[in-house]
Structure formats: structure tokens, C-alpha cells
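Each chain, letter by letter, is given below.
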Amino acid sequence: MDILEKAPAKINLCLDTPFRHLDGSPEWRMVMTSIDLSDYVHIETSSALTGISIETDTGFLPSDHRNLAYKAAKELQCLFNISEGVHINIKKNIPVAAGLGGGSSDAAAVLRGLNQVWNLKLSLRELAKIGLKIDSDVPFCVYSKTALVEGKGELITPLEELPPFWLVVAKPRESVSTPSILKKISYEKIEHPNVDNVVAGIKKGNLAEICKWMGNALEPITVKEISEINKIKQKMYDFGVQAAQMSGSGPTVFGVCAKYSRAQHVYNSLKGFCNEVYIVHPCSLEKSFEHR
């Protein structure tokens, strides 16, 4: 059997980490949404296949046990004692190591797809719990809709639809290692953005309020390593975005525009400065899936 799953990128409209758990992992309080920049994951299962194989159209990704999509398939195989082999083909559109959750979304797509193919009848909540074993962003990516994300990433509270707006997403040339950024968090010095106010803005459908309270506690840490983040942010503000910030552990920056014409202007102005620039809007997986 085979199935095609869409794997949307994510951005963090607000990201806070209140404390570190005893096992070293951060506690998260985040508002996340999916955007219509997506990978496409084709999953094929067969008793004639052995093991798990991964194929991608980029040379940047490992195709073995280090790949999160591989880990997702392996996790389900082991949990449910399934001997059928799996071949996964990933068409990459999401930049790698960018703070956009591409690898996690691919893994979530594998969980959703194999859940259907193998008729496991797992709920999204159950898939999210399995996803946490793979990476902290996988549970959100299982849902791929605007949500408050808490705990170690496994507590997902879906939120109201966002008011309409456009995003200009720009990735600097350099990449960062998420584990290295997380190790550098100083909980005595960290500035905590007001996650609750962003949630309140979403509930009211008030874009100005969402923009006012957006924040990313990891941004000052990553900026010390990649100064280009601040340069891109400043250019976005110069070109007229309502708000701009880094997504995840970086280094990708996104700018919020109420109108498409403004987003187009920002996009055109950034193209000469930054290689990877996209115009996207927030999306919800259940509304946006198309077979391609």
C-alpha cells in the first residue's frame, strides 16, 4: 500500500521556556502555527520490502537511523510488532536546520500515514505521545494547526483560527544546532515573552495584539552566533512588516504583513539580500491537504 502525506513547516509566534527539567530537557510554553511551505512524504509499505529505506531529493539529509522520518517508522514497527518493510520518499521544500520543523513534520507525516496504512486506529493525541520520543516538535506537527504547546512538547491545545495575514519567511545562509542553543539557555537571565497575551490576541482574532506580544526567548542566544538574524529583522521592519522575529532555535526569521501587497514588497526587497525567501500564510493541515 502507499499514501501521500503533506508535511507543513511550523513557526513559533511565541516561544518561552520557563525552566529546565531534571533530565536536562526544557519545559516549553509556545504558540505555534503551520504554514503553507510543505514537504511531501510518500510512504510505501510491502511484505516484499525489508527494513526501512529513506529517499530524499536533497543531499543534506541522512537517509538512515539519524533521519526523524526513519525513527518514526521504526517506532511504530517496534510498538506494534510489524514486519512489513517501509519505503519513504521525501520531497523537500522546507529549508533544513532552519527552525521551521521540517524534519519533525516529516516524522509526523510518517506517523499519520502509517497509522492509516496499517489501520492502527491511533488518535492524534496517541500519535503525538509517540512523536515525543522522536523530537519535541513532532507532537505539534502531528496536529499541524495553530496551538498552545506546553510540557516537553507533548501538551497540545488547539486554538482558534488565526486572523488572515501573510508571512515573509527568510533563512540566513548559516545554520544552527538546536541542542547547542538549548545548552546555552541561562534561566536566571532569560527574558520571558507573554504567551498568554498572544493566546488572548488569537482568541479575539486581533492581529495587532498578536504582533504586539510576539516573542522568542531563544532569539538573543542565537543572535550571538548569527548576527545576520538582526540584519534581516531590521530590513523587514524597514520594508514595512508589522512584526518580525526568529522561529524556533533559528536562524529563520519571519515578518507579519496584513496585506499580500505588503508581503510582496518585503519579499522583493529581501530577495537580493537573502537566498531563501518565501511568501506564505498560516494553514491548518485538515483544510489544506492536496494530493500532488
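S.K.: Would you mind going over helix H3 (residues 124-131) with me for this structure?
M.R.: Because the α-helix completes a turn every 3.6 residues, residues three or four places apart line up on one side. Of the residues making up H3, those classed as buried are Leu127, Ala128, Ile130 and Gly131. With its buried residues spanning 160° around the axis, H3 presents them on a single face. Away from its buried face by more than 90 degrees, H3 exposes Arg125 and Lys129. Each element contacted by the buried residues of H3 is listed here: helix H1 (68-79), helix H2 (102-117) and helix H4 (138-143).

S.K.: Explanation requested: the side chain of Asp137 in the structure shown.
M.R.: Mapped onto the elements, Asp137 comes out in the loop between H3 and H4. The class for Asp137 is buried, based on a relative accessible area of 16%. Setting aside anything within four residues of it in sequence, one finds Asp137 in contact with Lys10, Met32 and Ser104.

S.K.: Sorry if this is basic, but what is going on with unusual backbone geometry here?
M.R.: As a rule of thumb, non-glycine residues mostly have phi less than zero, and peptide bonds are mostly trans rather than cis. Residue Pro251 is bonded to the preceding Gly250 through a cis peptide linkage, with omega at 5°. Take Pro251: it is sitting in the loop between strand E9 (243-246) and strand E10 (253-257). Positive phi is not limited to glycine here, since Asn81 has a value of about 55°. The residue Asn81 is located in the loop between H1 and strand E4 (85-91) in this model. You can call Asn81 exposed: its relative accessible area is 72%.

S.K.: What is the right way to read the packing of aromatic side chains from this model?
M.R.: Both the distance between ring centres and the angle between the ring planes are used here to describe each pair of aromatic rings. For the structure on display, the rule yields one aromatic pair. Note on Trp166 and Tyr260: the rings are 4.8 Å apart at their centroids and 65° apart in plane angle, and the pair reads as edge-to-face. Of this pair, Trp166 sits in strand E7 (residues 166-171) while Tyr260 is found in helix H10 (residues 260-271), placing the two residues 94 residues apart along the sequence. The class of Tyr260 is partly exposed, set by a relative accessible area of 39%.

S.K.: How should the nonpolar core be read in this particular structure?
M.R.: Where a protein is soluble and globular, its nonpolar side chains tend to be buried together. By size, the foremost hydrophobic cluster in this structure holds 68 residues, and its most contacted members are Ile88, Val110, Leu111 and Met236. No other element matches the seven residues that H2 contributes to this core. Once residues lying within four places of it in the same chain are set aside, the contact partners of Leu111 are Ala72, Leu76, Leu127, Ile130, Gly131, Ile134, Val138 and Val142. Counting residues in each nonpolar core, the second largest holds 28 residues, with Leu167, Cys211, Phe254 and Val280 among its members.

S.K.: Sorry, what's going on with helix H9 (residues 228-238) here?
M.R.: Residues Glu228, Ile229, Ile232, Lys233 and Met236 constitute the buried set of H9. Viewed along the axis of H9, the buried residues span an arc of 140°, placing them on a single side of the element. Its buried side turned inward, H9 meets E7, helix H8 (219-223), E9, E10 and H10. Count one or two residues on from H9 and you reach Gly240, which has phi positive near 110°.

S.K.: What's the story with the packing of H1 against H2 in this structure? I'm lost.
M.R.: Pairs of packed helices are described in terms of their axes, by the angle between the two and the distance that separates them. Taken N-terminus to C-terminus, the directions of H1 and H2 make an angle of 30°; their axes are 7 Å apart at the nearest point. When the axes of H1 and H2 are compared, the pair comes out roughly parallel. Here the hand of the crossing between H1 and H2 comes out right-handed. Judged by residue contacts, Leu68, Ala69, Ala72, Ala73 and Leu76 of H1 engage Gly103, Ser104, Asp106, Ala107, Val110, Leu111 and Leu114 from H2. Partitioning the contact of H1 with H2 into residue classes produces nine nonpolar, two polar and one charged.

S.K.: How should the pattern of salt bridges be read in this particular structure?
M.R.: Oppositely charged side chains may form a pair once their charged atoms are brought near each other. Going through the model one piece at a time under the given rule, you end up with twelve salt bridges. Lys10 is paired through a salt bridge with Asp137; the nearest N and O atoms lie 3.9 Å apart. Taken as a pair, Lys10 in strand E1 (residues 2-16) and Asp137 in the loop between H3 and H4 lie far apart in primary sequence, 127 residues in all. Judged by its relative accessible area of 2%, Lys10 falls in the buried class. Here Lys233 makes a salt bridge to Glu219, at a shortest N to O gap of 2.6 Å. Residue Lys233 is located in helix H9, and its partner Glu219 is located in helix H8; the two are separated by 14 residues in the primary sequence. As far as the burial class goes, Lys233 and Glu219 line up, both buried.

S.K.: What exactly am I supposed to notice about the sheet that holds strand E11 (residues 276-280) here?
M.R.: Whenever strands of a sheet pair, they do so through backbone hydrogen bonds, lying parallel or antiparallel. Read across the open sheet, the four strands follow the order E9-E10-E7-E11; overall the sheet is antiparallel. Edge positions in the open sheet fall to E9 and E11, since each of these has one partner strand only. Taken over all neighbouring pairs, the strand axes of this sheet differ in orientation by 15° on average, direction set aside. Strand contacts of H10: E7, E10 and E11, with the helix running at about 175° to E11, the strand carrying the most contacts.

Conventions we followed
- Residues numbered from 1 in each chain as written.
- Predicted model: local features only at pLDDT ≥ 70, side-chain atom pairs only at ≥ 80, totals over all residues.
- Heavy atoms only, no water.
- Buried < 20%, exposed > 50% of the residue type's maximum accessible area, 1.4 Å probe, protein only.
- Helix = DSSP H or I, 4+ residues; strand = E, 2+ residues; numbered from the N terminus.
- Arc of directions from axis to C-beta.
- Contact = heavy atoms within 4.5 Å.
- Phe/Tyr/Trp six-rings, centres within 6.5 Å; stacked < 30°, edge-to-face > 60°.
- Core = buried A, V, L, I, M, F, W, Y, C linked by side-chain atoms within 4.5 Å.
- Axes fitted to C-alpha atoms, helices over the stretch in contact; angles between N-to-C directions.
- Parallel < 35°, antiparallel > 145°, perpendicular 65-115°, else oblique.
- Left-handed = near helix turned anticlockwise from the far one by under 90°.
- Nonpolar A, V, L, I, M, F, W, Y, C, P; charged D, E, K, R; others polar.
- Salt bridge = Lys/Arg side-chain N within 4 Å of Asp/Glu carboxyl O.
- Pairing = 2+ DSSP bridges.

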